[in-house]
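Chains, contacts and geometry: an overview
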Amino acid sequence: MKQTSALFNAAFIFFVPVTIIYGFFTKWQEPVGVVAMLLLGLMGLMFGMYLRLTMKKLDRDPADDPRGEQWMQEGEYGFFSPHSWWPLPLAASAIIVFLGLRLGLWVFLVGVVFGAVALIGWVFEYFRQDMAI
């Protein structure tokens, strides 16, 4: 995690001087690029600091050990469905939602309803308890 933190902090070290150079060459007349690059640098600093602070609270990561092996990283990552059809209708509803942004409100709302149904179906795919009313 130490290398990952250093990588994100390097983004800050890179983007802040580039932002100043970019602003100098554009005579500070193009604010979108300056703001975007400054925010990229600040985002890198934010992620890097978060990882640095989180690293102090957790056990040592095998990635930080020069003699670390891949098998040291293995562990329980949770249950993942071996096959599920719910991402397909969820992706189709996302297409309808973004198409509705262009075509009209009613298409957008149809996509939102289909998306909610698909998301609920995906979340409760393995929930098989009897519901008491």
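Residues numbered from 1 in each chain as written. Predicted model: local features only at pLDDT ≥ 70, side-chain atom pairs only at ≥ 80, totals over all residues. Heavy atoms only, no water.

With respect to helix H3 (residues 87-103)
Over its 17 residues, H3 runs 24 Å from end to end, which matches the ideal 24 Å to within 8%, given 1.5 Å per residue. Looking at H3, one finds that the buried residues are Ser 93, Val 97 and Gly 100. Projected down its long axis, H3 carries its buried residues within an arc of 60°, all on one side. Within H3, the exposed residues directed more than 90 degrees away from the buried face are Leu 88, Ile 95, Phe 98, Arg 102 and Leu 103. Each element contacted by the buried residues of H3 is listed here: helix H4 (105-123). (Helix = DSSP H or I, 4+ residues; strand = E, 2+ residues; numbered from the N terminus. Expected span 1.5 Å × (residues − 1). Buried < 20%, exposed > 50% of the residue type's maximum accessible area, 1.4 Å probe, protein only. Arc of directions from axis to C-beta. Contact = heavy atoms within 4.5 Å.)

Side note on H4
Across its 19 residues, H4 extends 27 Å between first and last C-alpha, which sits within 8% of the 27 Å expected from 1.5 Å per residue. Inspection of H4 places Val 107, Gly 111, Gly 115, Ala 118 and Gly 121 among the buried residues, and these make up the whole buried set. Buried residues in H4, looked at end-on, bunch into an arc of 125°, giving them a common side. Along H4, exposed side chains directed more than 90 degrees from the buried face belong to Leu 105, Trp 106, Val 113, Val 117, Ile 120 and Val 123.

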